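Listed below are the residues making up each chain.
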Amino acid sequence: MSTETIESAEGLFADTKNGPRLLGSRCVTCDTPYFPRSAGCHNPNCDLSKMEDAEFGPKGKIWSLSIQNYPPPPPVVIIDPFEPFAVGMVDLVEGLRVLGRIVSDTPDKVDVGDEVELVLAPLGVDATGAEVISWQFRPI
Ligand SMILES: [Zn+2]
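Notes on the structure follow. Here the structure is a predicted model, which means the values were calculated and not measured.

Topic: the pattern of salt bridges
No. 1: For the structure on display, the rule yields 7 salt bridges.
No. 2: Each member of the salt-bridge network shares a partner with another, and the members are Lys59, Glu117 and Arg138.

Have a look at this one:
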């Protein structure tokens, strides 16, 4: 079995010296956050689009939630054997709403309003045998 570990997508997240963070951008003029990074500001009320890189996380709160009760088809990577998992829309304290899997042994106990933190965790193993890591959220 391969021990290779790969990221689900390049440049979207990193394990920084402060812990896991999503990599996005923020408009210096109007403070609007973007994830993934944006080359320009899309706020119609913003007078001057001036972007800088920004890191987001780790704290957030579940805004909406669903349970994945059946294995999604490839290329979605899942842990084998399949176990139902929660997927949540999470409001980060920085003002972003981000979709992510919820890491929990009891997904049916996870609820809207729960506080979560960003983690980098395996989604499963892809067709090449590599372990795929991505951002997820863990209840705290
Ligand atoms: Zn702006």
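Let's talk about the coordination of the zinc ion
No. 1: Within the protein, the zinc ion binds to Cys27 (SG), Cys30 (SG), Cys41 (SG) and Cys46 (SG); these donor distances fall in the range 2.2 to 2.3 Å.
No. 2: What the 4 donor atoms of the zinc ion show is an angle range of 101 to 117° at the metal, which sorts the shape as tetrahedral.
No. 3: Mapped onto the polypeptide sequence, the residues donating to the zinc ion form the spacing pattern C-x2-C-x10-C-x4-C. In this pair, Cys30 is assigned in the loop between β3 (19-27) and β4 (33-34) and Cys46 in the loop between β4 and β5 (51-56), connecting sequence segments 16 residues apart.
No. 4: Taking the relative accessible area as the measure of exposure, Cys30 reaches 25% and is therefore partly exposed.
No. 5: Residue classification places Cys46 among the buried positions, given a relative accessible area of 16%.

Section: the side chain of Gln68
No. 1: Within the secondary structure, Gln68 is located in strand β6 (residues 59-68).
No. 2: Looking at Gln68, its side chain comes within polar contact range of the main-chain oxygen of Tyr70, at 2.7 Å.
No. 3: Filtering out sequence-adjacent residues up to four positions away, Gln68 remains in contact with Phe82, Pro84 and Phe85.

Topic: the packing of aromatic side chains
No. 1: Enumeration according to the criterion identifies 3 aromatic pairs in this entry.
No. 2: Each ring, one from Phe13 and one from Trp135, has its centre 6.1 Å from the other, and the planes form 65°; the classification is edge-to-face. Pair noted here: Phe13 is in strand β2 (residues 13-16) and Trp135 is in strand β10 (residues 131-139), with a separation of 122 residues, a long-range link.
No. 3: Overall, Phe13 belongs to the buried group, its relative accessible area being 3%.
No. 4: Through successive ring pairs, a cluster of aromatic residues spans Phe13, Phe35 and Trp135.
No. 5: Directly above the ring of Trp63 sits Arg97, whose terminal nitrogen or CZ lies 3.6 Å from the centroid.
No. 6: The ring of Phe85 has Arg101 lying over it, and the distance from NZ or CZ to the ring centre is 4.5 Å.

Looking at the nonpolar core
No. 1: Counting 18 residues, the largest nonpolar core has Leu22, Leu92, Val98, Trp135 and Phe137 as its most contacted members.
No. 2: Going through the elements one at a time, β5, β7 (85-92), β8 (97-102), β9 (115-125) and β10 are the ones with two or more residues in this core.
No. 3: The element best represented in this core is β7, accounting for 3 residues.
No. 4: In this view, Leu22 contacts Leu12, Phe13, Phe35, Ala54, Glu55, Phe56, Leu92, Val98, Leu118 and Trp135; residues no more than four positions away in its chain are not counted.

Cut-offs used in this document
Residue indices follow the written sequence of each chain, beginning from 1 at its first position. Note on the predicted model: pLDDT of at least 70 is required for a residue's local features to be given, and 80 or more for side-chain atom pairs to be given and counted; whole-chain, interface and lining totals, by contrast, use all residues. No hydrogens and no water enter the side-chain calculation; it runs on all heavy atoms of the structure. The working definition used for a salt bridge is a side-chain nitrogen of Lys or Arg within 4 Å of a carboxyl oxygen of Asp or Glu. Water is absent from the atoms considered, so a metal site may look incomplete; donors are defined as N, O and S atoms within 2.8 Å of the metal, or 3.2 Å for Na, K and Ca. For four-coordinate sites, all angles between 85 and 135 degrees define a tetrahedron; for four- and six-coordinate sites, opposite donors beyond 155 degrees with the remaining angles between 65 and 115 define square planar and octahedral shapes respectively, and all other cases count as irregular. Going along the chain from the N terminus, every DSSP run of H or I of four or more residues is numbered as a helix, and every run of E of two or more is numbered as a strand. Burial classification: accessible surface area is computed with a 1.4 Å probe over protein chains only, and a residue below 20% of its type maximum counts as buried, one above 50% as exposed, and the rest as partly exposed. Distance and chemistry together define a polar contact, namely a pair of N or O atoms within 3.5 Å, with one atom able to donate a hydrogen and the other to accept it when in protein, and with adjacent residues in sequence counting only for side-chain atoms on both sides. Throughout, a residue-residue contact means that at least one pair of heavy atoms, one from each residue, lies within 4.5 Å. In summary, the pairing rule links any two rings of Phe, Tyr or Trp, Trp by its six-membered ring, whose centres are within 6.5 Å, and it sorts them by plane angle into stacked for under 30 degrees, edge-to-face for over 60 and tilted for everything else. Put simply, a charge is over a ring when the Lys NZ or the Arg CZ is close to the ring centre, within 6 Å, and near the line of the ring normal, within 35 degrees. As used in this record, nonpolar core signifies buried Ala, Val, Leu, Ile, Met, Phe, Trp, Tyr and Cys residues forming a set joined through side-chain atoms within 4.5 Å.

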